[in-house]
Amino acid sequence: QVQLVESGGGLVQPGGSLRLSCAASGRIFNINAVAWYRQAPGKQRELVAKISPVGTTNYADSVKGRFTISRDNAKNKNTVYLQMNSLKTDDTAVYYCNAEVDSYFRENYWGQGTQVTVSS
């Protein structure tokens, strides 16, 4: 069984920064693409950023230049980060980590989510 656990969310003022972490654990042979999604109240879940196994990144237009996704592939680390700078009130949402993982099978996993609230 594979688990993804997000952390790092919280309350921050507009213009502030947060760094989210997504730690994968369990029987993992390989982690392929990893992505961060977010869902604001009353809205659909949307892709925020994605990183390939070799480090190629993609971002939603709304976060380009402000958010940075990165991954630590060191042995036993299996952690992906989302550095969020210049936060806006529109960034308020629950942020979810999503990963394609090679375990006994190749499957797609979701974390439980972490709340990010940007408010003065």
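Our structure is the block above this text.
Residues numbered from 1 in each chain as written. Predicted model: local features only at pLDDT ≥ 70, side-chain atom pairs only at ≥ 80, totals over all residues. Heavy atoms only, no water.

J.: Can you help me understand the packing of aromatic side chains in this one?
T.: The description of an aromatic ring pair uses the distance of the two centres, along with the angle that the planes make with each other. Summed over all chains, the structure comprises two aromatic pairs. Here the aromatic rings of Y96 and W110 are separated by 6.5 Å at their centres, their planes lie at 80 degrees, and the arrangement is edge-to-face. With Y96 in strand β9 (residues 93–102) and W110 in strand β10 (residues 106–110), this residue pair connects regions lying 14 residues apart in the sequence. Linked through ring pairs, Y37, Y96 and W110 together constitute an aromatic cluster. Taking NZ or CZ as reference, R45 lies 3.8 Å from the ring centre of Y96, over its face. Residue placement shows R45 over the ring face of W110; its charged tip is 4.7 Å from the ring centre. (Phe/Tyr/Trp six-rings, centres within 6.5 Å; stacked < 30°, edge-to-face > 60°. Helix = DSSP H or I, 4+ residues; strand = E, 2+ residues; numbered from the N terminus. Lys NZ or Arg CZ within 6 Å of the ring centre and 35° of its normal.)

J.: Looking at this structure, how should I read the pairing of strand β3 (residues 18–26)?
T.: A regular strand carries its side chains on alternate faces of the sheet. With six bridges joining them, strand β1 (residues 2–7) and β3 adopt antiparallel strand pairing. Looking at β3, one finds that L4 is bridged to A24. Both β3 and strand β8 (residues 79–84) contribute to a ladder of six bridges, which runs antiparallel. For C22, the partnering residue across the bridge sits in β8 and is V80. (Pairing = 2+ DSSP bridges.)

J.: Before we go on, may I ask you to explain the pattern of salt bridges in this structure?
T.: Think of it this way: side chains of opposite charge can pair up when their charged atoms draw near. Summed over all chains, the structure comprises five salt bridges. A salt bridge links R66 to D91, with the nearest nitrogen and oxygen atoms 2.8 Å apart. You can see R66 sitting in the loop between β6 (57–59) and β7 (67–72) and its partner D91 sitting in the loop between β8 and β9, a full 25 residues away along the chain. Classification of R66 by relative accessible area gives buried; the value is 10%. Among the charged side chains, a network of salt bridges with common partners joins R38, E46, R66 and D91. (Salt bridge = Lys/Arg side-chain N within 4 Å of Asp/Glu carboxyl O. Buried < 20%, exposed > 50% of the residue type's maximum accessible area, 1.4 Å probe, protein only.)

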